[in-house]
Amino acid sequence: MGSGILNEIELAVPELPFSEQKVARYILAHPQDVLYTTISELSAKSESSSAAVVRFCKSVGVGNFGSLKVRLSAELGQAESGGVGYMDIEDRESVASVVKKTLSNTTQTLENTAYQLDQGAVRQVVKMLQEAETIYVYGVGASFLIAEDVAQKWRRLGKMVYAMPDYHLLMSTMAARSDKAVFFAVSYSGQTREVLQLVDKAKALGMKTIGLSRIGSHKLSGRVDVLLSTARAPEAKLRSAATSSRFAQLFVIDIVFLAYASAQYEFTVRQLEKSKQAVQDLG
C-alpha cells in the first residue's frame, strides 16, 4: 500500500462512483504522468469526464486538480529521495522496527489530516461549543476514547459534558435536559448505528449537531450540522484496535480545543488554573 495522497485515493476507490473510480485507477497507475496533464487530458485518458475529475478531487479532500498535482508532486519527490510512507507490521518484527513503522504511519496520517482539515468547520464548531451550556458526546469502541477526551477537556473549562458508554442512558439524559445543548458524534466510519440514532434524537430535540469522522461520503456527513473530517487512516491488518485513525481524531480534537481556548484566552487560563489548583488541594 502507498502513502500520502496515493494511499488516500486507494482507500477511497471502493466508495467512489464508477466515473470517479476510473479517474482514481488511472492516477494510481500513472501518478507521474498526471503531473503533466490537464483536466481534459486526464478525463480522456481515464475514459471519464472533466466533471468527474472535479468531483473526484473533492471526494479525496484536495479541493481542486491543481492541489491534487501539488500533493502528487510532493509525494513522488519524497519517494525518490527515500522517504518512508505507510508500512504494515510483518511477522516477528523487532521492537525497533515496530517503533519506526508506527511513527511513520502516525506522522503520515496527521499530515494528511492537517492538509485537508476544513478550517471553516473548526471555527463553526468553536462557536457552537462556546454558545452551548451542555455538551453530549458519544462514540463506540475506540471512538468512545475520543468522546472521553472531549468530555475531560471541556469540563475543565466549566461546561456540563456528558459522555456515557451506554447510549440508552445517554439518550434518556439528552431527553431530560436539552436547553442550549450540542450533540458531538464520533464515528470514524461515519456509519455506526448507535451514533446515527443519537444524532437523529438530538436533532429531534432541537440540538445542534457536530460530527467527527473520516473524509468521504457516509451517513454521518449528511446528518450533522457541521462535520470535522480526518484523513482516511491506513490501518495495519494486525491490530487490536484503531491506531492511526485514533491519533487523527485526537489531533482534530486538540485543534478544536486550542482554537476554542485561543478565542477566549484569559478565561481559559483562569479556568485551567482553577482546575489545576483543585487537584493539587487534594494533596
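Going by the structure above, here's the rest.
What you see is a predicted model, and the numbers here were worked out from it, not measured in a lab. (Residues numbered from 1 in each chain as written. Predicted model: local features only at pLDDT ≥ 70, side-chain atom pairs only at ≥ 80, totals over all residues. Heavy atoms only, no water.)

Engineer: Is there a simple way to explain the packing of helix H2 (residues 18-29) against helix H5 (residues 50-59) in this structure?
Structural biologist: A pair of packed helices is characterised by two quantities: the angle between their axes and the separation of those axes. Axis separation between H2 and H5 bottoms out at 9 Å; the angle between their running directions is 75°. The angle between the axes of H2 and H5 places the two elements in the roughly perpendicular class. Facing Ser19, Glu20, Val23, Ala24 and Ile27 of H2, the residues of H5 in contact are Ala52, Val53, Arg55, Phe56 and Ser59. Within the contact of H2 with H5, the residues separate by chemical class into six nonpolar, two polar and two charged. (Axes fitted to C-alpha atoms, helices over the stretch in contact; angles between N-to-C directions. Helix = DSSP H or I, 4+ residues; strand = E, 2+ residues; numbered from the N terminus. Parallel < 35°, antiparallel > 145°, perpendicular 65-115°, else oblique. Contact = heavy atoms within 4.5 Å. Nonpolar A, V, L, I, M, F, W, Y, C, P; charged D, E, K, R; others polar.)

Engineer: Can you help me understand the environment of Leu170 in this one?
Structural biologist: Mapped onto the secondary structure, Leu170 falls in helix H10 (residues 167-176). The exposure class of Leu170 is buried, given its relative accessible area of 0%. (Buried < 20%, exposed > 50% of the residue type's maximum accessible area, 1.4 Å probe, protein only.)

Engineer: Just checking my understanding: could you explain the packing of aromatic side chains for this structure?
Structural biologist: The geometry of an aromatic ring pair is captured by two quantities: the separation of the ring centres and the angle between the planes. Here the structure, examined in full by the defined rule, presents four aromatic pairs. Ring centres 5.3 Å apart and planes at 15° place the aromatic pair Tyr136 and Tyr162 in the stacked group. Note that Tyr136 is positioned in strand E1 (residues 134-139) and Tyr162 in strand E2 (residues 160-163), a separation of 26 residues in sequence. For Tyr136, a relative accessible area of 0% gives the class buried. Pairing Trp154 with Phe257 gives two aromatic rings, centres 5.3 Å apart and planes at 90°, and the pair type is edge-to-face. Here Trp154 is found in helix H9 (residues 142-155), whereas its partner Phe257 is found in helix H12 (residues 244-263), with 103 residues between them in sequence. The exposure class assigned to Trp154 is buried, which follows from its relative accessible area of 0%. One aromatic cluster is present, formed by Trp154, Phe257 and Tyr260 through successive ring pairs. Between Arg71 and the ring centre of Tyr115, over which it is positioned, the NZ or CZ distance is 4.4 Å. Its guanidinium or amino end placed over the ring of Phe247, Arg246 lies 5.1 Å from that ring's centre, counting from NZ or CZ. (Phe/Tyr/Trp six-rings, centres within 6.5 Å; stacked < 30°, edge-to-face > 60°. Lys NZ or Arg CZ within 6 Å of the ring centre and 35° of its normal.)

Engineer: Mind showing me how you'd approach the sheet that holds strand E3 (residues 181-186) here?
Structural biologist: Across a sheet, strands are paired by hydrogen bonds formed along the backbone, either parallel or antiparallel in direction. Read across the open sheet, the five strands follow the order E2-E1-E3-E4-E5; overall the sheet is parallel. Either end of the sheet is taken by a strand with one partner, and the two such strands are E2 and strand E5 (226-230). For this sheet, the mean inter-axis angle between neighbouring strands, taken without regard to orientation, is 15°. For strand E4 (residues 208-214) and E5, the ladder comprises five bridges, and the chain directions are parallel. Paired with Leu212 across the bridge in E5 is Leu228. Against the sheet, H9 makes contact with E1, E2, E3 and E4, and its axis sits at roughly 165° relative to E2, the strand it touches most. (Pairing = 2+ DSSP bridges.)

Engineer: Honestly, unusual backbone geometry in this entry has me stumped. Any pointers?
Structural biologist: Where the residue is not glycine, phi is negative for most of them; where a peptide bond is considered, it is trans in most cases. Of note in this structure, Glu47 is not a glycine but carries a positive phi near 55°. Structurally, Glu47 is set in the loop between helix H4 (39-45) and H5.

Engineer: Help me out: how do you make sense of the nonpolar core in this one?
Structural biologist: Side chains that are nonpolar tend, in soluble globular proteins, to be buried together. Leu129, Trp154, Phe184, Leu228 and Val256 are the most contacted members of the largest nonpolar core, which totals 31 residues. Looking at this core, the elements that each hand over two or more residues are helix H8 (119-131), E1, H9, E2, E3, E4, E5 and H12. Setting aside chain neighbours within four positions, we find Trp154 in contact with Leu129, Ile135, Lys159, Val161, Ile253, Val256, Phe257 and Tyr260. Residues Leu42, Val53, Val62 and Leu76 belong to the second largest nonpolar core, which totals 23 residues. (Core = buried A, V, L, I, M, F, W, Y, C linked by side-chain atoms within 4.5 Å.)

Engineer: Looking at this model, I keep getting lost on the pairing of E3. Mind explaining?
Structural biologist: Consecutive residues of a regular strand have side chains that alternate between opposite faces of the sheet. The buried count for E3 comes to six of six residues, which makes it a mostly enclosed element. Burial along E3 is two-sided: the residues Ala181, Phe183 and Ala185 and Val182, Phe184 and Val186 are all buried. Examined bridge by bridge, E1 and E3 share six bridges and lie parallel to one another. Following the sheet pairing, Ile135 is matched in E3 by Val182. As judged from the five bridges shared by E3 and E4, these two strands associate in the parallel manner. Its bridge partner lying in E4, Val182 is registered against Lys208. For the segment spanning E3, helix H11 (residues 193-204) and E4, crossover handedness is right-handed. (Right-handed = clockwise from strand over helix to strand, strands pointing away.)

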